[in-house]
Amino acid sequence: MTFTRRRALGAALLLPLEALAQTCGALTARQTEGPFFTPDSPLRKSLLEGGEKTRLIVTGTVLSAQCKPVPNALLDFWHSDEEGAYDNRGFRYRGHQHADAQGRYRLETIVPAQYPGRTRHIHVKVQAPGKRILTTQLYFPGDPGNSRDFLYRPELEMKKSDAGQASFDFVVEA
Ligand code: FE
């Protein structure tokens, strides 16, 4: 093997490791917003009203396809309640927030229930300032309903770090 070929092989071996270190690159998959989106949700990071038993904290970063944090990205979350119903009159379990200067967000809410035809999921719209809105849905790893839901996508699963703690990094047009 010539020196040049060795170097080329070395570079090829390094590339996959670099790729593994990055959680961005491809844009986060888009999904339907479904029938229950309500515009103008309240500005709030916590959707809890007190007394909830199934608390869930979702954290993550909004990134560009170039793996740069997107400061001040807008995130608008909505999901069903503990019975699988949406509040279509008010704003229960609906809220928007802005990512911080490092593109990080933190949502405090409950674990939504599944409802007929759907596995457990959280709806979200994410937008870099002045850019195209990404509408998608987040799923719960290991949920038995996932395999029965035709909208479910494994790449939209949150990472569960702990009971009541999950994370997901969005990659958006920025
Ligand atoms: Fe839904």
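Residues numbered from 1 in each chain as written. Predicted model: local features only at pLDDT ≥ 70, side-chain atom pairs only at ≥ 80, totals over all residues. Heavy atoms only, no water.

Student: Lay out the coordination of the iron ion with the relevant residues and their values.
Tutor: Tyr86 (OH), Tyr115 (OH), His121 (NE2) and His123 (NE2) make up the full set of protein donors to the iron ion, lying at 2.0 to 2.1 Å. Mapped onto the sequence, the residues coordinating the iron ion show the spacing Y-x28-Y-x5-H-x1-H. Taken as a pair, Tyr86 in the loop between strand E2 (74-78) and strand E3 (94-98) and His121 in strand E5 (residues 121-127) lie far apart in primary sequence, 35 residues in all. (Donors = N, O, S within 2.8 Å, 3.2 Å for Na, K, Ca; no water. Helix = DSSP H or I, 4+ residues; strand = E, 2+ residues; numbered from the N terminus.)

Student: So what's going on with unusual backbone geometry? Residues and values would help.
Tutor: Residues other than glycine seldom take positive phi values, yet Asn72 does so here, at roughly 65 degrees. Among the secondary structure elements, Asn72 is positioned in the loop between strand E1 (55-64) and E2. What makes Asn72 partly exposed here is its relative accessible area of 45%. Within the chain, Tyr93 stands out as a residue other than glycine whose phi angle is a positive 60 degrees. (Buried < 20%, exposed > 50% of the residue type's maximum accessible area, 1.4 Å probe, protein only.)

Student: Give me the lowdown on the environment of Gln137, citing residues and values where you can.
Tutor: Among the secondary structure elements, Gln137 is positioned in strand E6 (residues 134-139). A residue is classified by how much of its surface remains accessible, and Gln137, at 0% relative accessible area, is buried. Distance from Gln137 to Lys125, taken between C-alpha atoms, is 8.5 Å for residues 12 residues apart in sequence. If near-sequence neighbours (up to four positions away) are discounted, Gln137 is found in contact with Gln31, Thr32, Arg118, His121, Ile122, His123, Leu151 and Leu156. Polar side-chain contacts of Gln137 include one of 2.9 Å to the side chain of Arg118. Only 3.3 Å separates the side chain of Gln137 from the side chain of Tyr139, close enough to count as a polar contact. (Contact = heavy atoms within 4.5 Å. Polar contact = N/O pair within 3.5 Å; in protein donor to acceptor, adjacent residues only side chain to side chain.)

Student: Could you give me a rundown of the pattern of salt bridges, with the residues and numbers involved?
Tutor: The full count for this structure, using the stated rule, is 11 salt bridges. Between Lys125 and Glu33 there is a salt bridge, with its nearest N and O atoms 2.6 Å apart. A residue pair is termed long-range when its members are at least 10 positions apart, and Lys125 in strand E5 and Glu33 in the loop between helix H1 (3-21) and E1 qualify at 92 residues. When its relative accessible area of 30% is taken as the criterion, Glu33 is described as partly exposed. (Salt bridge = Lys/Arg side-chain N within 4 Å of Asp/Glu carboxyl O.)

Student: So what's going on with the confidence of the model for the protein chain? Residues and values would help.
Tutor: This prediction gives the protein chain a mean pLDDT of 90; 87% of its residues lie at or above 70. Taken together, the stretch residues 1-12 has pLDDT below 50 and engages in 2 contacts with residues farther than four places along the chain or on a different chain. Low confidence marks residues 15-21, where pLDDT is under 50. Its contacts with residues over four positions away, or in another chain, come to 0 contacts. (pLDDT = per-residue confidence, 0-100.)

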